[in-house]
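Analysis of the macromolecular model
Listed below are the residues making up each chain.
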Amino acid sequence: MVEVSEVSEVSRWASRCALRERLRPYRVLLASRARAQMQYRASFVTDILGTVGVGLAEFAEVWVIFHNVTVLGGLDFTAALLVFALSNIAFALADMFVGHLDQLPRYIRAGQVDAFYVRPLPLLAQLMTSDLSLRRVGRLSVALVALVVALSTAHIAWSAATVGLVALTVLSGTAIFSALFTAAGGLQFFLVDGAELTNSFTYGGSYAAQQSQQVFPGPLRIFWTFVVPTAFVAYIPAVAILDLPDSLAPYWLAWCTPLAALLAWVVAGLCWRLGTRHYQGAGG
Amino acid sequence: MSANGNIIETRDLVRDFRRTRAVDRMTFSVEPGEAVGYIGANGAGKSTSIKMLTGILKPTSGHVRTCGLDPMRERVEVARRVGVVFGQRSQLWWDLPLRDSFAILGAIHRLDERATRARTDLLVDQLEMGPQLGTPVRSLSLGQRMRAEIAAALLHSPELLILDEPTIGLDVLSKQRLREFLVAERRQRGTTLLLTTHDMGDIERLCDRVLVVDHGRLAFDGTLAGLAGTVGAQRVLVLDLAQPTPDLLDVPGATLFESESGGLRQRLVFDAEATTVAAVLAHVSSRHEVRDLTIEEPDIEDVVRRIYAASRRA
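Every chain's residues receive numbers from 1 upward, in the order its sequence appears when written. Chain labels run from A onward and ligand labels from 1 onward, assigned in the order the entries are written. Totals for whole chains, interfaces and linings use every residue, but because this is a predicted model, local features are given only for residues with pLDDT of at least 70 and side-chain atom pairs only at 80 or more, for both listing and counting.

**What about the overall build of chain B?**
Rules: Runs of E in the DSSP output that reach at least two residues are strands. Runs of H or I that reach at least four are helices, and both are numbered from the N terminus. With C-beta atoms placed from the backbone, the exposure class of a residue follows from how many other C-beta atoms lie within 10 Å of its own: 20 or more, buried; 12 or fewer, exposed; in between, partly exposed.
Counting secondary structure elements, chain B contains 10 helices and 13 strands. C-alpha extents for chain B along the principal axes are approximately 70 × 50 × 35 Å. A burial count over chain B gives 42% of its 314 residues as buried.

**A word on the overall build of chain A**
Put simply, the rule is: Atoms considered for the radius of gyration are the C-alpha atoms alone. The globule rule reads 2.2 Å times the number of residues to the power 0.38. Residues are treated as contacting if the C-beta atoms built from their backbones sit within 7 Å of each other.
When you go through chain A residue by residue, the secondary structure sums to 12 helices and zero strands. Across chain A, helices and strands are ordered from the amino to the carboxyl terminus as α-α-α-α-α-α-α-α-α-α-α-α. Relative to its length of 284 residues, chain A is compact, with a C-alpha radius of gyration of 21 Å against a globular reference of 19 Å. Each of the three principal axes of chain A carries a C-alpha extent, and together these read 65 × 55 × 40 Å. Across the 284 residues of chain A, 42% fall into the buried class. Summarising the internal contacts of chain A: among those between residues at least 6 apart in sequence, 82% fall at separations of at least 24.

**Focus on the interface of chain A and chain B**
Condition: Polar here means any residue outside two lists: the nonpolar Ala, Val, Leu, Ile, Met, Phe, Trp, Tyr, Cys and Pro, and the charged Asp, Glu, Lys and Arg; Gly therefore counts as polar.
Taken together, the contacts link 19 residues of chain A with 26 residues of chain B. Broken down by secondary-structure element, the contributors of at least two residues to the side of chain A that touches chain B are helix 1 (2-38), helix 5 (112-117) and helix 12 (257-282) of chain A. The class makeup of the residues in the side of chain A that touches chain B is nine nonpolar, six polar and four charged.

**Thoughts on the domain arrangement of chain B**
Using the following cut-off: Domain segmentation is taken from an automatic or database assignment of domains.
Along its sequence, chain B is carved into domain 1 (8-229) and domain 2 (234-297). Here domain 1 of chain B and domain 2 of chain B have C-alpha centroids that lie 41 Å from each other.

**With respect to the environment of Asp 125 of chain B**
Mapped onto the elements of the fold, Asp 125 of chain B is located in helix 4 (residues 113-126). Between the C-alpha atoms of Asp 125 of chain B and Arg 25 of chain B, which are 100 residues apart in sequence, the distance is 43 Å.

**A word on unusual backbone geometry**
All names here are of chain B. The backbone phi angle of Ser 157 is positive, close to 50 degrees, even though this residue is not glycine. Looking at the element boundaries, Ser 157 is found in the loop between helix 5 (142-154) and strand 6 (160-164). Backbone geometry places Ser 261, a non-glycine residue, at a positive phi of 50 degrees.

**Quick look at the sheet that holds strand 6 of chain B**
All names here are of chain B. Our working definition: Two strands are said to pair when DSSP picks up at least two bridges between them. Throughout, an axis means a line fitted to C-alpha atoms (over the contacting stretch in the case of helices), and angles, computed between N-to-C directions, take values from 0 to 180 degrees.
Taken in spatial order, the six strands of this open sheet run 5-6-7-3-8-9, and their pairing is mixed. Unpaired on one side and paired on the other, strand 5 (82-86) and strand 9 (217-222) mark the two borders of the sheet. When the angles between neighbouring strand axes are averaged without regard to direction, this sheet yields 15 degrees. Two elements, strand 5 and strand 6, share five bridges in a ladder whose sense is parallel. Directly across from Val 85, in strand 6, lies its bridge partner Leu 163. Sheet contacts for helix 1 (residues 46-53): strand 3 (35-39), strand 6, strand 7 (192-196) and strand 8 (209-214); angle to strand 6, the most-contacted strand, approximately 150 degrees.

**What about the sheet that holds strand 10 (residues 235-241) of chain B?**
Sheets are built from strands that pair by backbone hydrogen bonding, the pairs being arranged parallel or antiparallel. Residue and element names in this part refer to chain B. Read across the open sheet, the four strands follow the order 11-12-10-13; overall the sheet is antiparallel. Looking at which strands have only one partner, the edges of the open sheet turn out to be strand 11 (254-260) and strand 13 (290-296). Within this sheet the neighbouring strands show an average axis-to-axis angle of 25 degrees, counted without direction. As paired strands, strand 10 and strand 12 (residues 265-270) are joined by six bridges and run antiparallel to one another. From the neighbouring strand, Asp 240 faces strand 12, where its bridge partner is Arg 265. Here helix 9 (residues 277-285) sits on the sheet and contacts strand 10, strand 11, strand 12 and strand 13; the angle it forms with strand 13, its principal contact strand, is near 155 degrees.

**Details of helix 7 (residues 137-153) of chain A**
Residue and element names in this part refer to chain A. Quick note on the threshold: The span you would expect from a helix comes to 1.5 Å times its residue count less one.
Taking 1.5 Å as the rise per residue, helix 7 with 17 residues should run 24 Å; its terminal C-alpha atoms sit 24 Å apart, in good agreement. Along helix 7, the positions that sit buried rather than exposed are Gly 138, Arg 139, Leu 140, Val 142, Ala 143, Ala 146 and Ala 150. Looking at the buried positions of helix 7, the neighbouring elements they touch are helix 2 (41-68) and helix 3 (77-98).

**Section: the environment of Leu 256 of chain B**
With respect to the secondary-structure elements, Leu 256 of chain B resides in strand 11. Look past the residues within four positions of Leu 256 of chain B in its chain and what remains in contact with it is Asp 247, Leu 248, Leu 249, Gln 266 and Leu 268 of chain B.

**Concerning the pairing of strand 10 of chain B**
Where strand 10 of chain B meets strand 13 of chain B, six bridges bridge the pair, whose relative direction is antiparallel. Counted as the bridge partner of Val 236 of chain B is Glu 296 of chain B from strand 13 of chain B.

**Quick notes on the packing of helix 5 of chain B against helix 6 (residues 172-189) of chain B**
All names here are of chain B. Our working rule: Any angle that is under 35 degrees is reported as roughly parallel, and any over 145 degrees as roughly antiparallel; angles of 65 to 115 degrees are reported as roughly perpendicular and all others as oblique. Definitions for this section: a left-handed crossing has its near helix turned counterclockwise from the far helix by less than a right angle. A right-handed crossing has that turn clockwise.
At their nearest, the axes of helix 5 and helix 6 sit 10 Å apart, and the two run at 15 degrees to each other. For the element pair helix 5 / helix 6, the angle class is roughly parallel. Viewed along their axes, helix 5 and helix 6 form a crossing whose handedness is right-handed. In this structure, helix 5 uses Gly 143, Met 146, Arg 147, Ile 150 and Leu 154 to contact helix 6, whose residues at the interface are Ser 174, Leu 178 and Glu 185.

**Quick word on the pairing of strand 3 of chain B**
Residue and element names in this part refer to chain B. Within strand 3, five of the five residues are buried, which leaves it mostly tucked inside the rest of the structure. Burial of strand 3 is two-sided: the residues Ala 35, Gly 37 and Ile 39 facing one way and the residues Val 36 and Tyr 38 facing the other way are all buried. Across four bridges, strand 3 lies against strand 7 in parallel orientation. Paired with Gly 37 across the strands is Leu 195, a residue of strand 7. Two strands pair when backbone bridges link them, and strand 3 and strand 8 are joined in this way by four bridges, in the parallel orientation. Across the sheet, residue Gly 37 finds its bridge partner in strand 8, namely Val 210.

**Digging into the packing of helix 8 (residues 160-188) of chain A against helix 11 (residues 235-242) of chain A**
Residue and element names in this part refer to chain A. At a closest axis distance of 10 Å, the pairing of helix 8 and helix 11 adopts a crossing angle of 170 degrees. In terms of orientation, helix 8 lies roughly antiparallel with respect to helix 11. Seen from helix 8, the contacting residues are Thr 162, Leu 165, Val 166 and Thr 169; seen from helix 11, they are Pro 237, Ala 240 and Ile 241. Here the contact of helix 8 with helix 11 is composed, by residue class, of five nonpolar, two polar and no charged.

What follows is the structure, encoded as structure tokens:
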């Protein structure tokens, strides 16, 4: 018995090592990106202050609205703050890790994409790890503060499920925005200067995710739920966490955020495949 | 490697871009250890075919194998076995010290740290790049950067090294060092070389075989001497004589090309097959005092131009 458990222990250890080894190139790449940003300390600090500013500006909008009204789209200030926090955390994280994917035309012009093709790693993985926008921690930290304030001032019936739901929401939300950036990247292979169009669903999606979905007219609400699923990033889970009434967002739907993320990734994967096929067809 | 042992193999390779045919039924193969110069005018189809060899671009039709692999379906494996240097594009991380680029590429190619360091040390030593290891890539001179690019492409010890315009913009000394290194690398490791260039010095120093592409087609495949021979290019012996001399019209195997300064400098065209420099020189110096001499090799640019003209007529 002892031997069997030892064998499984060893094989588990071996597979962990194999995984570590598989991920080593990406770890090294990301670490190098972080190091490069630290080399220009002054500009790094300015950049962080800049994204703190962006985060605060986004927050100011919520604050101004609730300075004038007490309830908007079924949300009071605390609830709106929670939606704001969840969507901004997810967006800032996704933007930090894969936000540069929508800069693809720049990579193509610099010949960087051809350089990726002659390296023995998947193209998408290389592009994702080719940058790490640490300056986004500015916006992230504003959102984290908002989350702490919202969760502590709201009347929440805390349970293990609630904690799990918050964590799951952040993970799924980040995955959803990452999928949007990836889809945007894939489409950029076709579109010359397509950033304007793809921004409408990356940055547009981020804006939509911050809102109570009840403010949108029906078709738009369907769009932000089923086409670009940003309703799953913050609003639907927030309704469940705060136990708010919304007949169109039943509580069980809040647990479906991974499903929304999965579907978003299927679409993103297709866009990416289509894009790289097109690139190999059209040339750099 | 493919069944017949070729490291590169193309058959009827075609690539169309909308209405133009960039590569037109190209067929050639390269054996391991060869050094092949790939020349042609801009837009002749060199880069397009290199992109098809490395899996960046999908062929419209035809067959292509690199290291015996299909570059489209097995791009990652091809990337493990081939090193590529795009002269105009960088493989390095411009915002980090050069040393870091080698470390990152080592990880990308899954060399362990010791192997990466050993290989880096060797390449850095051979390319004399030691003093630049701590310099950010963006601060390297063009010549230094090019050497670094080549070291980067060789870090994983590829069987095939593809160089796209490796000497473009380099000064004479940098070119010289780069060529010397590549000759040594070939000699030591038997690395196969495929290089595109506009610099005929690169071809003369590095390549034992030349492929000339024109309008997507292979216009010539053979040795450099053969290339010169095809279009009848001849070597020229330039003689500086002590005194103004009448035209040297009676030298066996050579004909007078031109005479300058009243016969002080005379250019004799001779066919390397028919006579030797020594014989021509002996003949002339037995009659006149020769002060200096130079030999002008066939101008390959000119040879290539003639090949184009010939292939266009055909």
